[in-house]
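# Structural overview for review
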Amino acid sequence: MAQCEMCGTEVSSPKTVKVEGAEIDVCDDCAEFGTEVTTQSSSSTSTKYSTSSSSSQSAGSSGGSSGTNSGGRRRRDMFDEMDELAGDYDTRIRSAREQAGLSQEELAGELNEKASVIRKLEHGDSLPSDDVREELEDYLGILLTESGAEDASDTDWSSGGDSAGLTLGDKVRRKSDDS
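Counting starts from 1 at the beginning of each chain's written sequence and moves along it residue by residue. Given that the model is predicted, a residue must reach a pLDDT of at least 70 before its local features are reported, and side-chain atom pairs must reach 80 or more before they are shown or counted; all residues, however, enter totals for whole chains, interfaces and linings. Where side-chain values are given, they derive from all heavy atoms of the structure, hydrogens and water being excluded.

### Let's talk about the nonpolar core
One broad rule of soluble globular proteins: the nonpolar side chains tend to lie buried together. Stated precisely, the cut-off is as follows: To form a nonpolar core, buried Ala, Val, Leu, Ile, Met, Phe, Trp, Tyr and Cys residues must be joined to one another through side-chain atoms within 4.5 Å. Burial here depends on accessible area, computed with a 1.4 Å probe over protein chains only, as a share of the maximum for the residue type. Under 20% is buried, over 50% is exposed, and the range in between is partly exposed. Each helix corresponds to a stretch of at least 4 residues labelled H or I by DSSP, and each strand to a stretch of at least 2 residues labelled E; elements are numbered beginning at the N terminus.
Ile-93, Leu-107 and Leu-136 are the most contacted members of the largest nonpolar core, which totals 15 residues. Elements with a contribution of two residues or more to this core: helix H2 (89-99), helix H3 (104-111), helix H4 (115-123) and helix H5 (130-140). If you look at the next biggest cluster of nonpolar residues, it comprises nine residues, including Val-11, Val-19, Cys-27 and Cys-30.

Written out as structure tokens, the structure reads:
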């Protein structure tokens, strides 16, 4: 006997319905939450998304591409070329403002921003928009970004790192462990 995938009751003949894009087998009571899916005859060789010839091509090509990507080199993407906000942007802003002899209110006035924006940036409570970041860099003569291309931290994410044998479960402290 099958089980309803929505409520868990045992059903002898479940109905297949589509609920928010997912096809699931449900009981008669839960069938009202979706649209019933009509099954096509098994003699049909094509599906809604692909034909049998194109699916065999895509299976072959995906197998080849995964082999080339598993050589230990990560595929580069557009984010590798982008500059990232420096981790200590708040300290850089505060130090440069103090060296210029300005208060937060005076700096905000020079940039046509609110003093609360400068205060939040210096405390690290918010991230600067691109416009504000550029204005701060130009006015204070500092850099608030680091080049993404020079970032070597990607090696931390490879499977060859020191923590390759650890999982999230190794690091998490559960409530039951505290007592």
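### What about the pairing of strand E4 (residues 22-26)?
Put simply, the rule is: By the convention used here, strands pair only if DSSP detects at least 2 bridges between them.
Bridge count between strand E3 (residues 15-19) and E4: five bridges; the pairing is antiparallel. When the sheet's bridge partners are listed, Lys-18 is paired in E4 with Glu-23. Count of turn residues in the E3/E4 antiparallel hairpin: two residues, of which Glu-20 carries a positive phi of about 50 degrees.

### Considerations on a negative patch on the surface
Selection criterion: The patches reported here contain residues having more than 30% relative accessible area and no salt bridge. Joining distances are 9 Å for like charges and 5 Å for nonpolar side chains (Val, Leu, Ile, Met, Phe, Trp, Tyr). Areas reported here follow the Shrake-Rupley algorithm with a probe of radius 1.4 Å; residue values treat only the protein chains shown as occluding. Any carboxyl oxygen of Asp or Glu within 4 Å of a side-chain nitrogen of Lys or Arg constitutes a salt bridge here. In summary, the charge assignment counts Lys and Arg as positive and Asp and Glu as negative, without counting His or the chain termini. A charge is said to be at NZ when it belongs to Lys, at CZ for Arg, at CG for Asp and at CD for Glu.
A grouping of Asp-130, Asp-131, Glu-135 and Asp-138 is seen on the molecular surface, where their side chains present a negatively charged patch. Relative to the assigned elements, Asp-131 resides in helix H5.

### Regarding H5
In plain terms, the rule: Working definition: the arc comes from the directions between the helix axis and the C-beta atoms, pointing outward to the latter.
For H5, the complete set of buried residues consists of Val-132, Arg-133, Leu-136, Glu-137 and Leu-140. One face of H5 carries all of its buried residues, which in axial projection span an arc of 135 degrees. Within H5, the exposed residues directed more than 90 degrees away from the buried face are Asp-130, Asp-131 and Asp-138. Gly-141 occupies a position one or two residues after H5 and carries a positive phi of about 70 degrees.

### Side note on the pattern of salt bridges
Using the criterion set out here, one finds eight salt bridges in the structure. A salt bridge links Glu-134 to Arg-133, with the nearest nitrogen and oxygen atoms 3.8 Å apart. On the accessibility criterion, Glu-134 (40% relative accessible area) is partly exposed. Its relative accessible area of 15% is what places Arg-133 among the buried residues. Of the charged contacts, one joins Arg-133 and Glu-137 as a salt bridge, the two residues approaching to 3.0 Å between their closest N and O atoms. Of this pair, Arg-133 and Glu-137 are both found in helix H5, four residues apart, which corresponds to roughly one turn of the helix. Accessibility classification places Arg-133 together with Glu-137 in one group, the buried group.

### Structural notes on H2
Tyr-89, Asp-90, Ile-93, Ala-96 and Arg-97 are the residues of H2 that are buried. End-on view of H2: buried residues confined to an arc of 140 degrees, all on one side of the axis. Of the residues trailing H2, Gly-101 is marked for its positive phi of about 75 degrees.

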